[in-house]
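Now for the letters of each chain:
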Amino acid sequence: MKKIVILISGGGSNMQAILKTSKERGWSERFDAKVACVISNVQEAKGLQIAKDWGVETEVVAHLNFKSAENPRLAFDKELIKAIDRYSPVLVVLAGFMRILTPHFVEHYSGRLINIHPSLLPAFTGLHTHARAIEMGCHFSGATVHRVTAELDHGAILEQAVVPVLRGDTEQDLASRVLTQEHIIYPRAIERLLGDEN
Ligand code: GAR
């Protein structure tokens, strides 16, 4: 069976949307694929319990444990690779995984690594996308599913959703409008990739 590994750092609502879609749309029967494991770099990530409730294996690889390594970022990524490779996944899905990954990690999963970013890339790479979109007076914002390359929030675009930025929107208002769309486009992008493999 083809395995998908999802990496999270927090609430895991995108992860949950993926799990829900995989069940509702029969990914195991149609594509012989399933979410095999959810891994978090944060022990307290709320999404871990949600994954357990869905009967999915979970693991924690805490980046804080590598603080004293000579190269903490690389040491963490190497440990993460070990955890992920136990599943030999066809896809590694970053779903609110709030770590910058090393080129070593990105190259290791070349062609198998995707991310969702809460802006219409290539606009607003990095953090605080919603505040920056409001501040700039954007009339539209959205979310992007893209392949991951060594350059942050770059890489080929797989899916996008557009939402309006409304007068008086707070950062939170815009974030939740965008998140609703993320839950549609991320499962759709994954399903398309699984279909392409067959
Ligand atoms: C989502 O909005 C996702 O696009 C964003 O974090 C949120 C995670 O929510 N990701 C990034 O900002 C990556 N740079 P979730 O944990 O509920 O899926």
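A brief structural summary. Keep in mind the model is a prediction, meaning the values are calculated, not measured.

**As for the nonpolar core**
If you look at the biggest cluster of nonpolar residues, it comprises 35 residues, and the most contacted ones within it are Ile4, Ile6, Val93, Tyr186 and Ile190. Ranked by residue count, the leading element in this core is helix H7 (residues 171–197), at 8 residues. Leaving out residues up to four positions away in the same chain, Ile190 has contacts with Ile4, Ile18, Trp27, Leu91, Val93 and Ile114. Among the nonpolar cores identified, the runner-up in size contains 22 residues, and Val61, Phe66, Ile81 and Val92 belong to it.

**Here's the deal with the pairing of strand E4 (residues 91–94)**
On E4, burial covers both faces: Leu91 and Val93 on one face and Val92 and Leu94 on the other are all buried. Here 4 bridges tie strand E1 (residues 2–8) to E4, and the two strands are oriented parallel to one another. Within the sheet, the bridge partner assigned to Leu7 lies in E4 and is Leu94. Crossover connection from E4 via helix H5 (residues 103–108) to parallel strand E5 (residues 113–117): handedness right-handed.

About the criteria used
Residues numbered from 1 in each chain as written. Predicted model: local features only at pLDDT ≥ 70, side-chain atom pairs only at ≥ 80, totals over all residues. Heavy atoms only, no water. Core = buried A, V, L, I, M, F, W, Y, C linked by side-chain atoms within 4.5 Å. Buried < 20%, exposed > 50% of the residue type's maximum accessible area, 1.4 Å probe, protein only. Helix = DSSP H or I, 4+ residues; strand = E, 2+ residues; numbered from the N terminus. Contact = heavy atoms within 4.5 Å. Pairing = 2+ DSSP bridges. Right-handed = clockwise from strand over helix to strand, strands pointing away.

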